[in-house]
Amino acid sequence: MTYATLDDLRGACLQCEKCGLCATRTNVVFGVGSPQAKILFVGEGPGENEDLQGEPFVGRGGQLLDKYLTAVGLSRATNVYIANIVKCRPPHNRDPQPDEQDACMPWLRDQVRLLRPQIIVCLGRIAAQKMIDPQFRVTKQHGEFVKKGDFYMMGTFHPAALLRNPANKPDALEDFQKLREVAERLNLL
Ligand code: URA
């Protein structure tokens, strides 16, 4: 099925039953942000708050993410879009399994096709290993931009990991500052 707009795609995604996570979800968490965004953030999957509210990154991790976005002049209201590898919450916040990730990836691919971002930022290991490199190591490779096909891609720390390990916060801020520089260089802002 080919969808003409993000809203059409969202409508179909909200009905999805392609993997077992649909049985335990409250809401499908499709994505949020500006449809004009040229920067796409990709997380792992919804947690409890996201499942309840139907929006990505609305818990404590989300507040931290918004802080980093604000620090470099970005926001989900104006110039970024935020989505996840899996759109439904894995029970007890376990990692999404490979078969669940594979079942859900066509939704993200369609989001990318419609949004046509120029930069994709992966939040945490699960997203970076799925989108950038199966061997991606966040501690070693965070903040490194790589050109993959049409996209500049970068992986950084997952906000929940930063809450657990605040020592990495300065490095995370540097990654966002680098993101700002690359976005400016590409005239995206
Ligand atoms: N963690 C994620 O990876 N995504 C969300 O939307 C919320 C928490």
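All values reported here derive from a predicted model rather than from experimental measurement.

Cut-offs used in this document
Residues numbered from 1 in each chain as written. Predicted model: local features only at pLDDT ≥ 70, side-chain atom pairs only at ≥ 80, totals over all residues. Heavy atoms only, no water. Near = heavy atom within 4 Å. Polar contact = N/O pair within 3.5 Å; in protein donor to acceptor, adjacent residues only side chain to side chain. Areas by Shrake-Rupley, 256 points an atom, 1.4 Å probe, with all protein chains shown as cover. Nonpolar A, V, L, I, M, F, W, Y, C, P; charged D, E, K, R; others polar. Pairing = 2+ DSSP bridges. Helix = DSSP H or I, 4+ residues; strand = E, 2+ residues; numbered from the N terminus. Contact = heavy atoms within 4.5 Å. Axes fitted to C-alpha atoms, helices over the stretch in contact; angles between N-to-C directions. Buried < 20%, exposed > 50% of the residue type's maximum accessible area, 1.4 Å probe, protein only. Expected span 1.5 Å × (residues − 1). Salt bridge = Lys/Arg side-chain N within 4 Å of Asp/Glu carboxyl O.

A.B. asks: Explain the site of the ligand to me, please; I cannot follow it from the model alone.
C.D. replies: The local shell around the ligand consists of G43, E44, G45, E50, P56, F57, N84 and H158. A distance of 3.0 Å is found between a nitrogen atom of the ligand and a backbone nitrogen or oxygen belonging to G45. The separation between an oxygen atom of the ligand and a polar side-chain atom of H158 is 2.8 Å. Protein chains shield 90% of the accessible area of the ligand, which is 230 Å² for the free molecule. Partitioning the shell around the ligand into residue classes produces two nonpolar, four polar and two charged.

A.B. asks: Please clarify how the sheet that holds strand β4 (residues 119-123) should be interpreted in this entry.
C.D. replies: In any sheet, the strands associate via hydrogen bonds between backbone groups, in a parallel or an antiparallel arrangement. With mixed pairing, six strands are arranged side by side in an open sheet as β1-β3-β2-β4-β6-β5. Edge positions in the sheet fall to β1 (32-33) and β5 (146-148), since each has one partner strand and no second. Looking at chain direction, strand β2 (residues 39-43) and β4 are connected through four bridges and run parallel. Across the sheet, the residue bridging to I39 is I119, located in β4. Each of β2, β3 (80-84), β4 and β6 (151-156) touches helix α4 (residues 98-115); the most contacted strand, β3, lies at about 165° to it.

A.B. asks: I tried to follow the pairing of β2 on my own but got confused; where do I start?
C.D. replies: Consecutive side chains of a regular strand alternate in pointing toward one face of the sheet and then the other. Where burial is concerned, most of β2 is hidden: five out of the five residues are buried. The alternating pattern of β2 places I39, F41 and G43 on one face and L40 and V42 on the opposite face, and all of these are buried. The sheet contact formed by β2 and β3 spans five bridges and is parallel. By the bridge assignment for β3, V42 is matched with A83.

A.B. asks: Would you explain helix α8 (residues 169-185) in this entry?
C.D. replies: At 3.6 residues per turn, the α-helix brings residues three or four places apart onto the same side. Between the first and last C-alpha of α8 there are 24 Å, a value that for 17 residues agrees with the 24 Å anticipated at 1.5 Å per step. Packing partners of the buried residues in α8 comprise β2, α3 (60-71), β4, β6 and α7 (159-164). Once α8 ends, the next one or two residues include N187, with phi positive near 60°.

A.B. asks: Which parts of the structure should I look at to understand the pattern of salt bridges?
C.D. replies: A side chain of one charge can pair with a side chain of the opposite charge when the charged atoms of the two come close. Under the counting rule described, the total for this entry stands at seven salt bridges. R125 serves as the salt-bridge partner of D95, at 3.0 Å between the closest nitrogen and oxygen. Placement of D95 in the loop between β3 and α4 and of R125 in helix α5 (residues 125-131) is noted, with a sequence separation of 30 residues between them. For R125, a relative accessible area of 42% gives the class partly exposed. Notably, a salt bridge pairs R180 with E184, separated by 2.7 Å at the nearest N-O pair. In this pair, R180 and E184 both sit in helix α8, four residues apart, roughly one turn of the helix. Among the residues examined, R180 registers a relative accessible area of 25% and is labelled partly exposed.

Interpretation in functional terms is not warranted from these geometric data alone.
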